[in-house]
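# Fold and geometry: a report
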Amino acid sequence: MSTTTLAVLALTVAVAAFVQGSSGLGFALIVAPVAGMLAPGLLPVFVLAAMIPLNAYVAWRERASLDWRGAGWITAARLATTPAGLALLWLIPERSLGLFVGGATVLAAVVSLAAPAFAPGRAAYLGAGAVTGLTETATGVGGPPLALVYQHRPAAELRSTVAACFLVGEVASLALLFATGEGQPGDLGWALALLPAVAAGAWASRLVSHRMNAARTRLFVLGFALVSGLVLMLGV
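Along each chain, residues carry numbers from 1 onward, in the same order as the chain's sequence is written. Residue-level local features of this predicted model are given only where pLDDT is at least 70; pairs of side-chain atoms are given and counted only at 80 or more, and the full residue set underlies all totals for whole chains, interfaces and linings. Only hydrogens and water are set aside when side-chain values are computed; all heavy atoms of the structure are taken into account.

### What about helix α10 (residues 195-205)?
Since one α-helical turn is 3.6 residues long, residues separated by three or four positions face the same way. For the record, the criterion: Only protein chains enter the accessibility calculation, which uses a 1.4 Å probe. A residue is then buried if its area is under 20% of the maximum for its type, exposed if over 50%, and partly exposed in between. Put simply, DSSP H or I for four residues or longer makes a helix, DSSP E for two residues or longer makes a strand, and each gets a number counted from the N terminus. The directions considered for the arc run from the helix axis to the C-beta atoms. Contacts are assigned to residue pairs with any non-hydrogen atoms lying within 4.5 Å of each other.
Those residues of α10 lying buried are Ala197, Val198, Gly201, Ala202 and Ser205. Projected down its long axis, α10 shows its buried positions confined to an angular sector of 130°, all on one face. Residues of α10 that are exposed and point more than 90 degrees away from the buried face comprise Pro196 and Trp203. On its buried face, α10 sits against α1 (3-23) and α3 (45-61).

What follows is the structure, encoded as C-alpha cells:
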C-alpha cells in the first residue's frame, strides 16, 4: 500500500470515526466505498476490525444510556443469523446482494418518514438484529436496520446501544470470517496501523455528541439509511 493510499485511508477513517462517534452511525458507509476503491482486498475484514475500538469507546462513554433489553434481543438475533450472512457472501453475487439489501433499506426509510413515532418492541429488536447479522457479515454495512429501530429514541441511547450491538456482532463476524478462510491476518494489521486515526475521530466526536438532539439525530438516521441503501444498490 502506497503512502498516498494510506494517508487517504487514514483521513477517511478519522472522519468516519468522528461521524459515528457523534451520531452513532456512518463509519462503514464512509469507509467501505473508499477502501473498496483503493484496496478492495481489505473488505469486509478491515472495516469490521477498525470499528471494534470505536464502538467499544462509544458504548463505554455513554453506558448510562444503553438500552440493555433491546441490545440483548438484537444481539441474540444478530448472532443467530451471522452464519447465514456468510452463506450469502458465498452464494449470492455481490451486486445482487447489494440491490436486495439496498432496496429494502430505502423502502424502510421512506416508510419511516411517513410513519408515526413508535416505541420499539421485541419483534422490532429481533428483526433488526436478524437483518444486521445478514448484511454486516456479507457486506460490512449493518447500521440501517438498527438506526431505523432507534430513530425515535434519545440520541445518547441510540449511540450507546448501536455501538454495543455492533461491538459484539463485529467480533462474531470476524471470528467466523477467519475460521472459514474469508479473512486474512494482514487486514487486521492495517486496522491496527490506522488505530490513531480512529482515536482522533472518536476523541473529536465527544466535543459535539452532546449537541445531537433527538429530532436532529432522527433526520440524520433517515438520511443515512437512504444514502447507504442507494450506495448498496448502485454498488459504489
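### Concerning the packing of α1 against α3
Definition in use: To obtain each axis, a line is fitted to C-alpha atoms, and for helices this fit is confined to the stretch in contact; angles are then taken between N-to-C directions over 0 to 180 degrees. Handedness of a crossing is defined here by the sense of rotation of the near helix relative to the far one, left-handed for an anticlockwise turn of less than a right angle and right-handed for a clockwise turn. Nonpolar residues are Ala, Val, Leu, Ile, Met, Phe, Trp, Tyr, Cys and Pro. Charged residues are Asp, Glu, Lys and Arg, and all others, Gly as well, are polar.
Direction vectors running N to C along α1 and α3 enclose 35°, while the axes themselves pass 11 Å from each other. Where α1 crosses over α3, the handedness of that crossing is right-handed. In this structure, α1 uses Val13, Ala17, Gln20 and Gly21 to contact α3, whose residues at the interface are Phe46, Met51, Leu54, Asn55, Val58 and Arg61. Tallied by class, residues from the contact of α1 with α3 come to 6 nonpolar, 3 polar and 1 charged.

### Examining empty space enclosed by the protein
Our working rule: Using protein atoms alone on a 1 Å grid, points that fit a 1.4 Å probe yet trap it form a cavity, whereas open point sets bounded by protein on both sides within 12 Å along at least five of seven lines form a pocket; residues with an atom within 4 Å of a point count as lining. Grid points are joined across faces, edges and corners, and a volume is the space filled by probe spheres set on the points.
For the structure on display, the rule yields 2 cavities of 30 Å³ or more. A volume near 30 Å³ is recorded for the second largest cavity. Lining the second largest cavity are Ile74, Thr75, Arg78, Thr132, Glu136, Leu146, Cys165 and Phe166. Looking at the lining of the second largest cavity, the elements with two or more residues in it are α4 (68-91), α6 (122-139) and α8 (155-179). Here the lining of the second largest cavity takes 3 residues from α4, the largest share from any one element.

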